[in-house]
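One-letter residues, chain by chain:
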Amino acid sequence: MSAGPYNYSYIFKYIIIGDMGVGKSCLLHQFTEKKFMADCPHTIGVEFGTRIIEVAGQKIKLQIWDTAGQERFRAVTRSYYRGAAGALMVYDVTRRSTYNHLSSWLTDARNLTNPNTVIFLIGNKGDLDAQRDVTYEEAQQFAEENGLMFVEASAKTGENVEEAFLETAKKIYQNIQDGSLDLNAAESGVQHKPNGGQAGAGGRATLNNSSAGQTRENCSC
Amino acid sequence: MDMDDFLGWTSSSDDIRKHEEAYNKELMSGPVSSSTQFNYACFLIQSKYPGDVRRGISLLEELYQNPDESGKRDYVYFLAVGNARLKDYNQALQYINGLLAVERSNKQVQELKVIIEKRMRGEAVKGAAVAGGVLVGLGAIVGLGIASQLP
Ligand SMILES: Nc1nc2c(ncn2[C@@H]2O[C@H](COP(=O)(O)OP(=O)(O)O)[C@@H](O)[C@H]2O)c(=O)[nH]1
Ligand SMILES: [Mg+2]
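Here the structure is a predicted model, which is why all the values come from computation and not from measurement. (Residues numbered from 1 in each chain as written. Chains lettered and ligands numbered in written order. Predicted model: local features only at pLDDT ≥ 70, side-chain atom pairs only at ≥ 80, totals over all residues. Heavy atoms only, no water.)

Chemist: So what's going on with the side chain of Thr117(A)? Which residues, and what values?
Modeler: Residues and elements named next belong to chain A. On the secondary structure map, Thr-117 appears in the loop between helix 4 (102–112) and strand 5 (118–124). Judged by its relative accessible area of 10%, Thr-117 is buried. There is a polar contact of 3.4 Å between the side chain of Thr-117 and the side chain of Thr-113. (Helix = DSSP H or I, 4+ residues; strand = E, 2+ residues; numbered from the N terminus. Buried < 20%, exposed > 50% of the residue type's maximum accessible area, 1.4 Å probe, protein only. Polar contact = N/O pair within 3.5 Å; in protein donor to acceptor, adjacent residues only side chain to side chain.)

Take a look at the structure:
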């Protein structure tokens, strides 16, 4: 895994958090595979996804830790927050309880990540407008009060899914550029590959396909 | 990082100690709750010390054997992770295949299986290199034997 040039210059670690059933795993699949998986089994502990994106001409590999929302996994999943550069905090616009729990998810995220971790609030299942239980305005206000970025999205239609993942990356990249995120700090959640992004050079002949744009190609969940 | 590196992810010794204390405390005052045991086991499974991983495995096996338990798929999944981390790939695959027999299309489990099989092949390649070395050695000896029989 270590030999040869990387075809990306940075790795950003993301976590996806929020109550069970809000659509965290579906958002991940929609982002990595552009597909909606209607009936996925509950995540056990944590699931992974990667995708390479481009920000300001730099190739960045996102490594995404999709955590299980079940209470029984809380202690274990909390330990995975360590070193996250971005946190996507998800609620379900049709289930008020998932919105009411946001402050506890936010407290966890703030306590267990570093002060520069970018937290992005996602109101998922935006396609189910008729069953809406949380207004856009109140969530917008919650986000403003807590300094979070915010969109309503739909893992089903794909609406705003790219935006949420990409805007988070842009913000992290901006924090690197203006020096507020120290890459040498132990848990910055960002790895820099100094000779990354070099095209050509024969590529990498390893079994690891995670650098080939999108992984998870042979899954049919 | 991907699923592959997840097997290499290690829990901090602070976390392990914290959950060990909770476990021991409950143990002193009666039976340990399954959530306390599960948490402690998960952190042990991801320890960098094989001894911890083994202990985590036996705690999970204990939970699994309890007929009242509802979280069996979780235990089996972490048992697979623990055994894979100990390089006991055959045992890990047995757990994985058990899970897949019930949830054929579970992508998270399928991915773990791919990684374990990849690691197995990696070990097999290492093994073949060693075996190849022996063969070369034998060939040389046989060659010598033949050579010595030449007039
Ligand atoms: N209508 C609709 N359903 C969704 C959406 N996202 C997820 N779901 C459904 O919500 C359920 C839970 O999704 P899942 O991703 O497993 O939730 P998680 O527990 O947060 O990972 C599944 O039945 C999905 O089909 C969405 O954007 N729109
Ligand atoms: Mg999930």
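Chemist: Account for the site of ligand 1, naming residues and giving values.
Modeler: Residues and elements named next belong to chain A. Taken together, 17 residues are adjacent to ligand 1, and Gly-21, Lys-24, Ala-38, Asp-127 and Ala-155 come closest. Within the side chain of Lys-125, one N or O atom sits 3.0 Å away from an oxygen atom of ligand 1. Between an oxygen atom of ligand 1 and a main-chain N or O atom of Lys-156, the distance comes to 3.2 Å. Across the complex, the protein chains shield 84% of the 580 Å² of accessible surface that ligand 1 would expose by itself. The biggest single contributor to the shell around ligand 1 is helix 1 (residues 24–33), with 3 residues. Residue classes in the shell around ligand 1 are distributed as 7 nonpolar, 5 polar and 5 charged. (Near = heavy atom within 4 Å. Areas by Shrake-Rupley, 256 points an atom, 1.4 Å probe, with all protein chains shown as cover. Nonpolar A, V, L, I, M, F, W, Y, C, P; charged D, E, K, R; others polar.)

Chemist: Tell me about unusual backbone geometry, and please be specific about residues and values.
Modeler: In the Ramachandran plot, Lys34(A) falls in the positive-phi region, its phi being about 55 degrees despite a non-glycine side chain. Following the sequence through the fold, Lys34(A) ends up in the loop between helix 1 and strand 2 (46–55). At Lys87(B), a position not held by glycine, the phi torsion is positive, near 65 degrees. Summarising the element assignment, Lys87(B) is placed in the loop between helix 5 (72–85) and helix 6 (89–102).

Chemist: Give a description of the packing of helix 2 (residues 13–28) of chain B against helix 3 (residues 34–45) of chain B that names residues and reports values.
Modeler: All names here are of chain B. Taken N-terminus to C-terminus, the directions of helix 2 and helix 3 make an angle of 150 degrees; their axes are 9 Å apart at the nearest point. With respect to their mutual orientation, helix 2 and helix 3 come out roughly antiparallel. You can see that helix 2 and helix 3 cross each other, and the crossing is left-handed. For the pair helix 2 and helix 3, the contacting residues are Asp-15, Ile-16, His-19, Glu-20, Ala-22, Tyr-23 and Glu-26 in the first and Thr-36, Gln-37, Asn-39, Tyr-40, Phe-43 and Leu-44 in the second. Classifying every residue of the contact of helix 2 with helix 3 gives 6 nonpolar, 4 polar and 3 charged. (Axes fitted to C-alpha atoms, helices over the stretch in contact; angles between N-to-C directions. Parallel < 35°, antiparallel > 145°, perpendicular 65-115°, else oblique. Left-handed = near helix turned anticlockwise from the far one by under 90°. Contact = heavy atoms within 4.5 Å.)

Chemist: How would you explain the pairing of strand 2 of chain A if you had to name every residue and give the values?
Modeler: All names here are of chain A. Most of strand 2 sits out of view: 9 of its 10 residues are buried. Alignment of strand 2 against strand 3 (residues 58–67), held across 10 bridges, turns out to be antiparallel. When the bridges of strand 3 are listed, Val-55 appears paired with Gln-58. Counting the residues that bridge the hairpin from strand 2 to strand 3 gives 2 residues, and of these Ala-56 lies at a positive phi of roughly 50 degrees. (Pairing = 2+ DSSP bridges.)

Chemist: How would you sum up helix 4 (residues 50–65) of chain B? Please name residues and give values.
Modeler: The end-to-end C-alpha distance of helix 4 of chain B is 23 Å, a good match for the 22 Å that 16 residues give at a rise of 1.5 Å each. Its buried side turned inward, helix 4 of chain B meets helix 2, helix 3 and helix 5 of chain B. (Expected span 1.5 Å × (residues − 1).)

Chemist: Any chance you could break down the coordination of the magnesium ion (ligand 2) for me, citing the residues and the numbers?
Modeler: Residue and element names in this part refer to chain A. The protein atoms that coordinate the magnesium ion (ligand 2) are Ser-25 (OG) and Thr-43 (OG1), at distances of 2.1 to 2.2 Å. Of the two residues, Ser-25 sits in helix 1 while Thr-43 sits in the loop between helix 1 and strand 2, which places them 18 residues apart along the sequence. Across the pair, exposure class does not vary: Ser-25 and Thr-43 are buried alike. (Donors = N, O, S within 2.8 Å, 3.2 Å for Na, K, Ca; no water.)

Chemist: Summarise the packing of aromatic side chains; cite the residues concerned and give the values.
Modeler: This model, assessed by the stated rule, comprises 16 aromatic pairs over all chains. An angle of 70 degrees between the planes, with centres 4.7 Å apart, marks the rings of Phe48(A) and Trp65(A) as edge-to-face. Remark: Trp65(A) occurs in strand 3 and Phe48(A) occurs in strand 2; sequence separation between them is 17 residues. In this structure Trp65(A) comes out as buried when scored by relative accessible area, which is 1%. Taking 5.8 Å as the distance between ring centres and 80 degrees as the angle between the ring planes, the aromatic pair formed by Phe38(B) and Phe78(B) counts as edge-to-face. Of this pair, Phe38(B) sits in helix 3 while Phe78(B) is found in helix 5, placing the two residues 40 residues apart along the sequence. With a relative accessible area of 2%, Phe38(B) lands in the buried category. Stacked on the ring of Trp65(A), the Lys or Arg Lys13(A) has its end atom at 4.1 Å from the ring centre. Sitting over the face of the ring of Phe73(A), Arg72(A) holds its NZ or CZ atom 5.8 Å from the ring centroid. (Phe/Tyr/Trp six-rings, centres within 6.5 Å; stacked < 30°, edge-to-face > 60°. Lys NZ or Arg CZ within 6 Å of the ring centre and 35° of its normal.)

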